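Results of the structural survey
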Amino acid sequence: MTTYEMQQEIIRLKKEKNICILVHAYQTHDIWEVADYIGDSFGLTQQAARSGADTFIMCGVRFMAETVKMLSPAKRVLLSSADAGCPMAEQMDKDMILQFRKEHPDHKVVAYINTTASLKTVCDVCVTSSSAVKIVKALPDKKLLFIPDCNLGNWVREQVPEKEIMLMQGGCPTHARITGKEAEAAKAAHPEALLLVHPECRPEVTALADYAGSTTGIMSYAEKSDAKEFIIGTETSIVQHLQFACPDKRFYPLSKDCVCHNMRLTTLADVYDCVLGRGGAEIEMDAETIAQARRPIDEMLAYGG
Ligand code: 13P
Ligand code: SF4
């Protein structure tokens, strides 16, 4: 079977079975081409809340599939590759946050959506990289704890100085691999290029950037810009997607090490197995966890929508 034939079969079967294929921007381009929706974490969440499909296939990582299940508990939700998890989502547990809440009863807990459903049950509001600044600004509370990504939290803190934001030590191992030295070297090698980075990068990298934003934010900035060359400071898949979107522009990865092995687990054949009904991991969650973990997600959609 060729890539094209497999894609055609996936498209035929998803229509026949009323399946919606949600694809995070870090997936490979052959998977993008069979998607009903491609986007960043916020866009995927909004889409899951709106779709009339019977089944969702989430091509991304586990917390994203859990979010879809919470928003559509009656629907069948499959994670395309059972082992695809986000290491950052596992970095903090409920007890740490419950202890913090006891010691700081005047603080609201803002959770990056890259957290487990269990952790979300003890948080007040979720945010994504594209909605964090807007939501933190809009919250009526001044004192906040931002978890788990301290790089993203620090970036939000810089843009919303009127809030008192505490951070905990956590973060994305993929983006944290990029060093300030690499950013300086890439700028020196491509002096005409603009540097576009994800705010999960270290502060010394973000400080050198011409633009910081979510995966879709980076893509639309590059697409709309009059500039012709860009250094891309996020998962390397975005370089290839931009090369397809803007064949007249040049894109360079900021670091060849910025590869998320979990996002790369899913193959087109995994998606094929899911639509055939012989693959993927079905997401199962109890009603109480859904009810509690959904509150901060609904808050996020209400503030950020
Ligand atoms: P966004 O989807 O919000 O850009 O975040 C990137 C990411 O690391 C997802 O896991
Ligand atoms: Fe998690 Fe980072 Fe991979 Fe996103 S890129 S899934 S935050 S490890």
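To be clear, the structure that these remarks concern was listed above.
Report on the accompanying structure. Model, not experiment: these values are computed from the prediction.

What counts and how
Residues numbered from 1 in each chain as written. Chains lettered and ligands numbered in written order. Predicted model: local features only at pLDDT ≥ 70, side-chain atom pairs only at ≥ 80, totals over all residues. Heavy atoms only, no water. 1 Å grid on protein atoms, 1.4 Å probe; cavity = no way out; pocket = protein on both sides within 12 Å on 5 of 7 lines; lining within 4 Å. Points joined across faces, edges and corners; volume = space filled by probe spheres on them. Helix = DSSP H or I, 4+ residues; strand = E, 2+ residues; numbered from the N terminus. Nonpolar A, V, L, I, M, F, W, Y, C, P; charged D, E, K, R; others polar. Near = heavy atom within 4 Å. Sits in = over half its atoms within 2 Å of the grid points. Buried < 20%, exposed > 50% of the residue type's maximum accessible area, 1.4 Å probe, protein only. Arc of directions from axis to C-beta. Contact = heavy atoms within 4.5 Å.

Concerning empty space enclosed by the protein
Scanning all chains against the criterion turns up one cavity of 30 Å³ or more. Of the pockets and cavities examined, the largest cavity occupies roughly 50 Å³. Residue lining of the largest cavity: S41, L44, T45, M58, F63, M64, T67, V68 and I113, and that is the complete set. At four residues, the largest contribution of residues to the lining of the largest cavity is made by helix α4 (residues 62–71). Taken together, the residues of the lining of the largest cavity break down into six nonpolar, three polar and no charged.

Focus: the site of ligand 2
Around ligand 2, the surrounding shell consists of Y26, C86, P87, M88, N114, C172, T174, E200, C260 and M263. The site holding ligand 2 turns out to be the largest pocket. Among the residues making up the shell around ligand 2, the classes are represented as seven nonpolar, two polar and one charged.

Let's talk about helix α14 (residues 268–276)
Restricting attention to buried positions, one finds in α14 the residues L268, V271, Y272, C274 and V275. Viewed end-on, α14 has its buried residues packed into an arc of 160 degrees, placing them on one side of the element. Buried residues along α14 sit in contact with α1 (3–16), β1 (19–24), α2 (29–32), β3 (55–59) and β4 (76–79).

Some details on the layout of surface pockets
One simple way to see leftover space: roll a probe sized like a water molecule over the atoms. The calculated volume of the largest pocket comes to roughly 290 Å³. Taken together, 27 residues line the largest pocket, and the ones lying closest to its centre are Y26, N114, C172, E200 and C260. Listing elements by their share of the lining of the largest pocket, those giving two or more residues are α4 and α9 (173–176). No other element matches the three residues that α9 contributes to the lining of the largest pocket. Considered class by class, the residues forming the lining of the largest pocket number 13 nonpolar, 11 polar and three charged.

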